[in-house]
Amino acid sequence: QKEVEQDPGPLSVPEGAIVSLNCTYSNSAFQYFMWYRQYSRKGPELLMYTYSSGNKEDGRFTAQVDKSSKYISLFIRDSQPSDSATYLCAMSSGNQFYFGTGTSLTVIP
Amino acid sequence: GAVVSQHPSRVICKSGTSVKIECRSLDFQATTMFWYRQFPKQSLMLMATSNEGSKATYEQGVEKDKFLINHASLTLSTLTVTSAHPEDSSFYICSARLAGQPYEQYFGPGTRLTVT
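Described in the following lines is the structure provided in the data block. Every value quoted in this text rests on a predicted model; they were computed, and no experiment measured them. (Residues numbered from 1 in each chain as written. Chains lettered and ligands numbered in written order. Predicted model: local features only at pLDDT ≥ 70, side-chain atom pairs only at ≥ 80, totals over all residues. Heavy atoms only, no water.)

## A closer look at the nonpolar core
Ranked by internal contacts, the top residues of the largest apolar core, which has 41 residues, are A:Y36, A:F99, B:Y36, B:L79 and B:L113. With six residues, the top contributor of residues to this core is strand β9 (residues 90-98) of chain B. Core analysis: the second largest hydrophobic core is formed by 24 residues, A:V19, A:C23, A:L47 and A:L105 among them. (Core = buried A, V, L, I, M, F, W, Y, C linked by side-chain atoms within 4.5 Å. Buried < 20%, exposed > 50% of the residue type's maximum accessible area, 1.4 Å probe, protein only. Helix = DSSP H or I, 4+ residues; strand = E, 2+ residues; numbered from the N terminus.)

## Comments concerning unusual backbone geometry
Following A:G9, the chain continues to A:P10 via a peptide bond in cis, the omega torsion being 10°. Counting through the fold element by element, A:P10 comes out in the loop between β1 (4-6) and β2 (11-14). The linkage connecting B:H7 with the following residue, B:P8, adopts the cis geometry, with an omega of 0°. As for its position among the elements, B:P8 is in the loop between β1 (4-7) and β2 (10-13). Positive phi values are uncommon outside glycine, yet A:D78 reaches one of about 45°. One can find A:D78 in the loop between β8 (71-76) and β9 (85-92).

## Describing the packing of aromatic side chains
Counted according to the given criterion, the structure contains 15 aromatic pairs over all chains. An aromatic cluster is defined as three or more aromatic residues linked by ring pairs; in this entry it consists of A:Y36, A:F97, A:F99, B:F34, B:Y36 and B:F107. Across from the ring centre of A:Y49, 3.9 Å away, lies the NZ or CZ of A:K56, which sits over that ring. (Phe/Tyr/Trp six-rings, centres within 6.5 Å; stacked < 30°, edge-to-face > 60°. Lys NZ or Arg CZ within 6 Å of the ring centre and 35° of its normal.)

## Points about the state of the cysteines
Residues and elements named next belong to chain B. Applying the stated rule across the entire model yields two disulfides over all chains. Residue C23 pairs covalently with C94 via a disulfide, S to S 2.0 Å. Torsion about the S-S bond of the C23 and C94 cystine: about 80°, corresponding to right-handed handedness. Taken together, the residues C23 in strand β3 (residues 19-25) and C94 in strand β9 connect sequence positions 71 residues apart. Given a relative accessible area of 0%, C23 falls into the buried group. With a relative accessible area of 0%, C94 lands in the buried category. (Disulfide = S-S within 2.5 Å.)

## Notes on the pairing of strand β6 (residues 54-58) of chain A
Residue and element names in this part refer to chain A. Taken together, the five bridges between β6 and strand β7 (residues 61-66) define a ladder with antiparallel strand orientation. Bridged to E57 within β7 is T62. Here β6 hands over to β7 after two residues, with G59 in that stretch at a positive phi of 65°. (Pairing = 2+ DSSP bridges.)

## Comments concerning the pattern of salt bridges
All names here are of chain A. If you walk through the whole model with that rule in mind, you get five salt bridges over all chains. With its nearest N and O atoms 3.1 Å apart, the salt bridge here joins R37 to E45. We note a salt bridge from R60 to D83, for which the minimum N-O separation is 2.8 Å. Of this pair, R60 sits in the loop between β6 and β7 while D83 sits in the loop between β8 and β9, placing them 23 residues apart in sequence. For R60, a relative accessible area of 25% puts it in the partly exposed group. (Salt bridge = Lys/Arg side-chain N within 4 Å of Asp/Glu carboxyl O.)

Read these as spatial facts, not as claims about activity.
Spelled out as structure tokens, the structure:
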């Protein structure tokens, strides 16, 4: 079983839609959860990070962590064409980082 | 803040030659830097972890004699691909971790290596 599972998509939504991106994991020791956005042929950009369970909101982005279900989500409200990218979840239990495979998102104008 | 640069952004080299990629943390000191490899439409594959002043720790299956990593200062790490072959063609990305913040990584823009 992989440490982190993420549906690769691709996911295609119309502009203005709410997007839900998700990852599941198997290691209950993970404490720190991150979402990265990667545009084509660019390095990943840290979007949001959360520690332990709960929600965190930043503008149109909301990150949720449910440690009891080992499930994390990233919600994008009022999606824009500029949100079209690959979104990678990542998690850590200390020195070890684990990344999901990334979900490719296209927002259609 | 937390900007990481990589140089070059793109390089084409002939089979058998060596290529050096630089990774710099521009506005912070990075005690730890990571080197990743990414194939098209695939996730990041960690190659090695580099700590300033010490030998890099390589992931299983990564040849340390082929991918030489040097982390000589708190702001610079280099990856040298020695005797490159076409199968080494890939997108190489570095990241850096801030001293005192163990959970965040900041990524460079990546280097696309093409070996002909």
